[in-house]
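# Secondary and tertiary structure notes
So you can see what is in the structure, the chains are spelled out below.
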Amino acid sequence: MYVWMRLLRVAATRKSRGVYRLGDESKLSFRCLPTDIDMNIHLNNARYMMLADMGRIDIFLRSGLVAAARKRGWAPLLGGLQTAYVREVRLWQRFEVVSTIETWEDTQIIGQHRFVLDDGRVAAMVLTTGGVYDKRGKRFVPVDELMSTLGHDGAPRAPNAEEKAFIASHQGLRARAKVLSSHL
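Right, let's walk through the structure included here. (Residues numbered from 1 in each chain as written. Predicted model: local features only at pLDDT ≥ 70, side-chain atom pairs only at ≥ 80, totals over all residues. Heavy atoms only, no water.)

The secondary structure content of the protein chain amounts to five helices and six strands. In the protein chain, the succession of α and β elements from N to C terminus is α-β-α-α-β-β-β-β-β-α-α. Computed over its C-alpha atoms, the radius of gyration of the protein chain comes to 17 Å, within 12% of the 16 Å expected for a compact globule of 184 residues. Dimensions of the protein chain along its principal axes, counting C-alpha atoms only, are 45 × 45 × 35 Å. (Helix = DSSP H or I, 4+ residues; strand = E, 2+ residues; numbered from the N terminus. Rg over C-alpha atoms; globule rule 2.2 N^0.38 Å.)

The next point concerns the pattern of salt bridges. Within this structure, the stated rule accounts for 13 salt bridges. Salt-bridge contacts for Arg47 lead to Asp36; the nearest nitrogen and oxygen are separated by 3.2 Å. With a gap of 11 residues between them, Arg47 in helix α2 (residues 45-63) and Asp36 in the loop between β1 (26-31) and α2 connect regions that are remote in the sequence. Relative accessible area serves as the criterion here: at 18%, Arg47 is assigned to the buried category. Here Arg157 makes a salt bridge to Glu163, at a shortest N to O gap of 2.8 Å. (Salt bridge = Lys/Arg side-chain N within 4 Å of Asp/Glu carboxyl O. Buried < 20%, exposed > 50% of the residue type's maximum accessible area, 1.4 Å probe, protein only.)

Time to look at the packing of aromatic side chains. Counted under the stated rule, the structure contains five aromatic pairs. Sitting above the plane of the Trp74 ring, Arg72 keeps its charged end 5.5 Å from the centroid. (Phe/Tyr/Trp six-rings, centres within 6.5 Å; stacked < 30°, edge-to-face > 60°. Lys NZ or Arg CZ within 6 Å of the ring centre and 35° of its normal.)

Among the nonpolar cores identified, the biggest contains 17 residues, and Phe30, Leu43, Leu51, Met54, Val89, Phe95 and Phe115 are the most heavily contacted of them. Of all the secondary structure elements, the ones that give two or more residues to this core are β1, α2, β3 (94-105), β4 (108-117) and β5 (122-134). When residues of this core are assigned to their parent elements, the largest contribution, four residues, is made by α2. The residues contacting Leu51, other than those within four sequence positions of it, are Arg6, Phe30, Leu43, Phe95, Val97 and Phe115. Tyr20, Ala69, Ile101 and Trp104 belong to the second largest nonpolar core, which has 13 residues in total. (Core = buried A, V, L, I, M, F, W, Y, C linked by side-chain atoms within 4.5 Å. Contact = heavy atoms within 4.5 Å.)

What follows covers the pairing of β5. With 10 of 13 residues buried, β5 is to be regarded as a mostly interior element. With 11 bridges connecting them, strand β2 (residues 74-85) and β5 associate as antiparallel partners. Considered in β5, the bridge of Leu78 is made with Gly130. Bridge count for β4 against β5 is eight bridges, and the pairing is antiparallel. Within the sheet, the bridge partner assigned to His113 lies in β5 and is Val126. Between β4 and β5, which pair antiparallel in sequence order, lie four residues; one of them, Gly120, sits at a positive phi of approximately 90°. One ladder, built from two bridges, connects β5 with strand β6 (residues 139-140); its direction is antiparallel. By the bridge assignment, Tyr133 is partnered in β6 with Phe140. (Pairing = 2+ DSSP bridges.)

What follows concerns the layout of surface pockets. Volume-wise, the largest pocket comes out at about 450 Å³. Elements represented by at least two residues in the lining of the largest pocket include exactly α2, β2, β3, β4, β5 and α4 (143-149). In terms of residue class, the lining of the largest pocket is made up of 15 nonpolar, 10 polar and three charged. Of the pockets and cavities examined, the second largest pocket occupies roughly 310 Å³. In the lining of the second largest pocket, the residues fall into three nonpolar, eight polar and three charged. (1 Å grid on protein atoms, 1.4 Å probe; cavity = no way out; pocket = protein on both sides within 12 Å on 5 of 7 lines; lining within 4 Å. Points joined across faces, edges and corners; volume = space filled by probe spheres on them. Nonpolar A, V, L, I, M, F, W, Y, C, P; charged D, E, K, R; others polar.)

Another aspect to go through is unusual backbone geometry. Even without glycine at this site, Ile41 takes up a positive phi of about 60°. Tracing the sequence through the fold places Ile41 in the loop between β1 and α2. Owing to a relative accessible area of 37%, Ile41 belongs among the partly exposed residues under this scheme. The backbone of Asp106 shows a phi angle near 55°, a positive value even though the residue is not glycine. Mapped onto the elements of the fold, Asp106 is located in the loop between β3 and β4.

This is how it looks when you write it as structure tokens:
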């Protein structure tokens, strides 16, 4: 139930954070609750993913993507992610999830979520890849078309070395999963 409460809080307070523009950061504050912890008394792995979802949803709401998607029959989808844990988030500890759109290529968007402690240290980083699926057209929407719809006309920056490695790893894993699923 608390996941829904956090989602409602993100949705209800989005206007106070203003419109999301490319290059901005979504910053959401949280506290590690008893329902977030594992046997080590720190934020469990699944909660990192759920809280990264909150950052993406904040960007979707504030950028106008949710409204555009409803109007056009589009659905934002997560394709994959990679997480690096650097330090723990302990029970009751406050932290921020700082989410950004880093770059894009063709139909794929690369996002980043940093879990930042009160002292500024990064506890974890999550890289994501995703896209927007056009349910009516049965296709993934080219990101340039999506950005144009959202009023952004800038070009993406080139992926950095870590993003290139992530994209390659994701594509390899995805191809392997497709091969395994075809044997069923």
